[in-house]
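# Chains, contacts and geometry: an overview
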Amino acid sequence: LFHYPNPLVALFLIIFCKKNEIIIFWHSDIVRKKGILFHMSMLVEKFLIRKSKKIIFTSNEYLKSSNSYKYVKDKVVIIPLGIEELPVKRDVSKLNNDKIKLIFIGRLVEYKGLINFLKIISPFDNIHISIIGNGPLAKDISKYKDVDNFKPSIKMYGKVNDEKKIMLLKDSNFLILPSLSRAEAYGLVLLEAMRLGVPIITNNLKGSGVIELNSDYESKPVGFKFDSSNIEKARSAFKNILSISQEEYEEVSRQALRKFKKKYTDAEFISNIKLTLIGKN
């Protein structure tokens, strides 16, 4: 089982493995290389696909927008990633529309879209956002605390342990994942929120598994989406999100938890992997 992408390891497997000995777990397309390196990597990728027996994608959305869709489609198995359930539960707190608590968890890098998101929410003085994570944009993000026309409040935690992260998630009204590119292939942090019944808010990121995680379950929403490409429309969407009733909020929270338990537990993931690898549950 080869976790892709890694073109150098892929080249090794092409040379030394026989056809149909390789099962690929396709975590992401090659999205950051350019020029000749990109074309060389794509050539290696095509040879690897030909030698593979099966190719595991984590979502249909990512598969259908993949650069290699036409080469892999006849060998694909869709297996969503899963994470362990927690023994702790989250009591859905009363939603205070005068102080909406958002939380962001992830690396502070450009494709995560956090700076763009801060621009979108700048007029909202009823937002408090907790930021967990480190990265090269940490200083740029921190400066927003001192910008005169930036009205939300920000608290930056840097890297925290799992216990602290769970505590902060439980205390939040929504988890925000405003990623801007398909470098965000899936979004495991969305599952971390959903397993606690924390509704999710994401950019409407076409071609990413984020779309499937934040899709309706049993015809009811598990979260909300906005379009980061249009700031005014995004602000209008946020105005609607931040004015939902307690009853609406509790229903979205319940649906997020239900969807997680049905589709995204580690037990479900392991069962599907076993079925794919050895044909047994």
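Up top you'll find the structure we're talking about.
Here's a quick rundown of the structure. (Residues numbered from 1 in each chain as written. Predicted model: local features only at pLDDT ≥ 70, side-chain atom pairs only at ≥ 80, totals over all residues. Heavy atoms only, no water.)

### What to know about the sheet that holds strand β7 (residues 153–158)
Put simply, the rule is: What makes two strands pair is DSSP finding at least two bridges between them. Put simply, DSSP H or I for four residues or longer makes a helix, DSSP E for two residues or longer makes a strand, and each gets a number counted from the N terminus. Axis definition: a line fitted to C-alpha atoms, limited for helices to the stretch in contact. Angles are taken between N-to-C directions and run from 0 to 180 degrees. Here, two residues are considered to be in contact whenever any of their heavy atoms come within 4.5 Å of each other.
With respect to topology, six strands assemble into an open sheet ordered β7-β6-β5-β8-β9-β10, the strand pairing being parallel. In this open sheet, the two strands that pair with only one neighbour each are β7 and β10 (223–226). Adjacent strand axes in the sheet meet at a mean angle of 25 degrees when their direction is disregarded. Relative to strand β6 (residues 127–132), strand β5 (residues 100–105) runs parallel, the two sharing six bridges. Bridged to K101 within β6 is H128. Of the strands in this sheet, β5, β6, β7, β8 (174–177) and β10 are in contact with helix α5 (residues 114–121), which crosses β6 at around 170 degrees. Across the face of the sheet, helix α10 (residues 231–241) comes into contact with β5, β8, β9 (200–203) and β10 while running at roughly 160 degrees to β10.

### Here we look at unusual backbone geometry
This is how the line gets drawn: Buried, partly exposed and exposed residues are distinguished by accessible area as a fraction of the type maximum, computed with a 1.4 Å probe on protein chains only: under 20%, between the cut-offs, and over 50%, respectively.
Residues Y4 and P5 are joined by a peptide bond in cis, for which omega reads 15 degrees. Tracing the backbone shows P5 in the loop between β1 (2–4) and α1 (7–16). For E218, which is not a glycine, the phi torsion comes out positive at approximately 55 degrees. Relative accessible area serves as the criterion here: at 54%, E218 is assigned to the exposed category.

### Some details on the nonpolar core
Stated precisely, the cut-off is as follows: Only buried Ala, Val, Leu, Ile, Met, Phe, Trp, Tyr and Cys residues count toward a nonpolar core, and they belong to the same one when joined by side-chain atoms within 4.5 Å.
Counting residues in each nonpolar core, the largest one holds 32 residues, and the members touching the most others are L175, L191 and M194. Within the residue set of this core, elements represented by two or more residues are β2 (22–26), β5, α7 (162–170), β8, α8 (188–194), α9 (210–213), α11 (246–263) and α12 (266–278). Sorting elements by how many residues they give to this core places α8 first, with five residues. The residues touching L175, leaving out its near neighbours within four places in the chain, are I103, I105, L169, V189, L190, A193, V198, P199, I200 and I201. Listed in part, the 30 residues of the second largest apolar core include L95, I201, F226 and L242.

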